[in-house]
Amino acid sequence: MTQAIQKKPDYLMVVPDAVRLNRAAVEEISTAADATIRDHGRFTLVLSGGNTPAPVYALWAEERKTTLPWEKVYIFFGDERHVPPDHPESNYRMAHDSLLSRVPIPQSNVFRVKAENPAERAAEDYEAAIRGFFRLQKGEWPRFDLILLGMGDDGHTASLFPGTPALGETSRLVVANPVVKFQTERITMTLPVLNHAAEVLFMVAGETKAPVMAEIFRNHAHDLYPSQRVHPENGRLLWIADQAAAQLL
Ligand code: 6PG
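All residue numbers here refer to positions counted from 1 along the written sequence of the relevant chain. Local features in a predicted model are, by the rule used here, given only for residues with pLDDT of at least 70; side-chain atom pairs are given and counted only at 80 or more, and totals for whole chains, interfaces and linings are based on all residues. As a convention, hydrogens and water are excluded, and side-chain values are obtained from all of the structure's heavy atoms.

Engineer: Residue-level account of the site of the ligand, with values.
Structural biologist: If even one non-hydrogen atom of a residue comes within 4 Å of a molecule or strand, that residue is called near it. The environment of the ligand is formed by 16 residues, the closest being Thr52, Asp79, Arg81, Ala158 and Lys209. We define a polar contact as two N or O atoms separated by no more than 3.5 Å, with the added condition that, inside protein, one atom must be a possible hydrogen donor and the other a possible acceptor, whereas residues neighbouring each other in sequence contribute only through side-chain atom pairs. The separation between an oxygen atom of the ligand and a polar side-chain atom of Lys209 is 2.6 Å. Here the accessible surface of atoms and residues is derived via Shrake-Rupley with a 1.4 Å probe, and residues count as covered only by protein chains that are part of the display. Protein contact buries 89% of the 410 Å² of open area that the ligand shows by itself. Only Asp, Glu, Lys and Arg are considered charged in this grouping, and only Ala, Val, Leu, Ile, Met, Phe, Trp, Tyr, Cys and Pro are considered nonpolar; every other residue, Gly among them, is considered polar. Class assignment of the residues belonging to the shell around the ligand gives a composition of two nonpolar, ten polar and four charged.

Take a look at the structure:
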């Protein structure tokens, strides 16, 4: 019997709406945290920025604030805007307000990008902090247990925007990436870091993402978009999209 032609790859989960996306994402994050802490004694999690994740983080905090050993959870950031941590556009601020201020995680377990500093220094310092935490030798890559990502309607992820220099980075973990469309620099983890993760979870919601979702999942526009270039070499990839974002598939 030939296998039914799958409209979608097995690593894409489509849920009816944003509420169910939040639920499915929290389920995936909690499952990964529990299993990883059980097997390795700690959970290294990279948070995504933007708007989609905030309700996911708030739901996770609400559900697990007293049942997860937060002293074994280590939080990093996939990217950061070049602003101070109290700035409305700061990804750290969003994570602090929706998650970090609501759970008993030790401050020393949260690795913030010091984006109040010059961008290149912030990137170098962040890379040094990651190398120190994972005790990496030169040429080694960190293996984060779970990296959360979103996707912009131009197909960017983290702060890896189409046509920007960071996309070609093959040796640094973190770079300052000039983003002309925003007339700014962003600090971002690079593709090799994302692709060395044990698991990557994309969370995509809203109809503005539908055209690029169709390009990626229906037309297989090969590597046209940064989000498409995230495929963990030895790890799990999962996309969770709401029906609005997946409506053209
Ligand atoms: C950021 C994120 C970015 C985000 C996408 C989607 O710093 O903004 O890292 O990659 O995930 O832009 O953002 P929304 O979830 O707000 O659509």
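Engineer: Tell me what's going on with the pairing of strand E8 (residues 199-204), and back it up with residues and numbers.
Structural biologist: Most of E8 sits inside the fold, with six of its six residues counted as buried. Accessibility here uses a 1.4 Å probe with only protein chains present; expressed as a share of the type maximum, an area under 20% marks a residue as buried, one over 50% as exposed, and anything in between as partly exposed. Strands here mean DSSP runs of E at least two residues long; helices mean DSSP runs of H or I at least four residues long; both are numbered from the N terminus. Side chains of E8 alternate between two faces, with Glu199, Leu201 and Met203 and Val200, Phe202 and Val204 buried alike. Should DSSP find at least two bridges between two strands, the strands are regarded as paired. Relative to E8, strand E5 (residues 146-149) runs parallel, the two being bridged by three bridges. Looking at E8, one finds that Leu148 is bridged to Leu201. Note that E8 and strand E9 (residues 236-242) share six bridges and pair parallel. Among the inter-strand pairings, Phe202 is bridged to a residue of E9, identified as Trp239.

Engineer: Quick rundown of the side chain of Asn109? Include the residues and the values.
Structural biologist: Within the secondary structure, Asn109 is located in the loop between helix H3 (91-100) and helix H4 (119-134). Of note is the side chain of Asn109, whose polar atom sits 2.8 Å from the backbone oxygen of Val73. Residues contacting Asn109, with those up to four places away along its chain left out, are Trp70, Glu71, Lys72, Val73, Tyr74 and Ile75. Throughout, a residue-residue contact means that at least one pair of heavy atoms, one from each residue, lies within 4.5 Å.

Function cannot be inferred from these measures alone, as they are strictly geometric.
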